[in-house]
Amino acid sequence: MTEAWKASVEAKIQDAVQRGEFDRLPGMGKPIPGRGAPYDEAWWIKSFLEREALPSDLLLPTSLQLRRRIEQVPDEVRDLPTEQSVRDFVGQLNAQIVAWLRFPDDGPRVAVRPVNTEDVIRRWRAERARPRATATVAEAADVPPPARRPRRSWWWRWRRRG
């Protein structure tokens, strides 16, 4: 039965080739991606993350994800408008940390402690009180110069005369 199945598959492939169904396929004539590279067991998850533009942090255990979020707190609260919004943000993060401390998962045992809200507020206030001179200089550098009329070359004038 196996030989009959192989023969029917080969016949169908040959019919499709004769009809031209394999002509102009995407990637035709290009090398197979990853050919010659060592085998990677997680190739499918890496390609999924790349294709969907997802951060690789999703693969980390909860303890390391929380640790990374703690490191990013100053950057995340910098643009929050009010002190209460900063307190709410830190409160939500601390609630996640406490929940993990009560029921840790099977990830690595990493020291994770709740974030001190008052320290975050103090840094947030200091950041807000810092003069905006550096920000205005950076904003001025981003403004494009005024548009100028394109300069015509010498041959343009010669061509108009003729």
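What counts, and at which threshold
- Residues numbered from 1 in each chain as written.
- Predicted model: local features only at pLDDT ≥ 70, side-chain atom pairs only at ≥ 80, totals over all residues.
- Heavy atoms only, no water.
- Helix = DSSP H or I, 4+ residues; strand = E, 2+ residues; numbered from the N terminus.
- Buried < 20%, exposed > 50% of the residue type's maximum accessible area, 1.4 Å probe, protein only.
- Contact = heavy atoms within 4.5 Å.
- Expected span 1.5 Å × (residues − 1).
- Core = buried A, V, L, I, M, F, W, Y, C linked by side-chain atoms within 4.5 Å.
- Salt bridge = Lys/Arg side-chain N within 4 Å of Asp/Glu carboxyl O.
- Patch = residues over 30% accessible without salt bridge, like charges linked within 9 Å, V, L, I, M, F, W, Y side chains within 5 Å.
- Areas by Shrake-Rupley, 256 points an atom, 1.4 Å probe, with all protein chains shown as cover.
- pLDDT = per-residue confidence, 0-100.

We now examine the overall build of the protein chain. Within the protein chain, the secondary structure is distributed over eight helices and zero strands. Walking the protein chain from its N terminus toward its C terminus, one meets helices and strands in the order α-α-α-α-α-α-α-α. Buried positions account for 14% of the 162 residues belonging to the protein chain.

Below, the discussion takes up the environment of Thr117. Note that Thr117 resides in helix 6 (residues 117-129). Residues Thr117 and Gly91, spaced 26 residues apart in sequence, show a C-alpha to C-alpha distance of 7.7 Å. The residues contacting Thr117, other than those within four sequence positions of it, are Arg87, Val90 and Asn94.

Right, let's talk about helix 1 (residues 2-19) for a bit. For helix 1, with 18 residues, the first-to-last C-alpha span of 26 Å sits near the 26 Å given by 1.5 Å per residue. One or two positions beyond helix 1, positive phi appears at Gly20, with a value near 85 degrees.

Before going further, it helps to examine helix 5 (residues 83-102). Helix length check: helix 5 (20 residues) gives 28 Å between terminal C-alpha atoms against 28 Å at 1.5 Å per residue, within 8%. All of the buried residues along helix 5 are Ser85, Val86, Phe89, Val90, Leu93, Asn94, Ile97 and Trp100.

Attention now moves to the nonpolar core. Of all hydrophobic cores here, the largest spans 15 residues; its most connected members are Val77, Val86 and Val120. Sorting the residues of this core by element identifies helix 4 (73-77), helix 5 and helix 6 as the ones contributing at least two each.

Here we come to the pattern of salt bridges. As enumerated under the stated definition, the model contains 11 salt bridges in all. Salt-bridge contacts for Glu21 lead to Arg19; the nearest nitrogen and oxygen are separated by 2.7 Å. Residue Glu21 is classed as partly exposed on the basis of its relative accessible area, which comes to 47%. For Arg19, a relative accessible area of 55% gives the class exposed. Put simply, Glu127 and Arg130 hold a salt bridge, and the shortest N to O gap is 3.0 Å. A relative accessible area of 28% places Glu127 in the partly exposed class. Via salt bridges that share partners, Asp75, Arg78, Glu127 and Arg130 belong to a single interconnected network.

We now examine a nonpolar patch on the surface. Among the surface-exposed residues, Trp5, Val9, Ile13, Val17, Phe22, Leu25 and Met28 lie close enough to one another that they form a single nonpolar patch of about 670 Å² accessible area. Here Val17 is to be found in helix 1. Residue Val17 is classed as partly exposed on the basis of its relative accessible area of 44%.

Unlike most non-glycine residues, Arg24 shows phi in positive territory, near 55 degrees. Look at Arg24 and you get exposed, because its relative accessible area is 79%.

This part is about the confidence of the model for the protein chain. Mean pLDDT for the protein chain: 83, with 80% of residues reaching 70 or above. Confidence, read as mean pLDDT per element, is least for helix 8 (residues 154-161) in the protein chain (55) and greatest for helix 5 (94).

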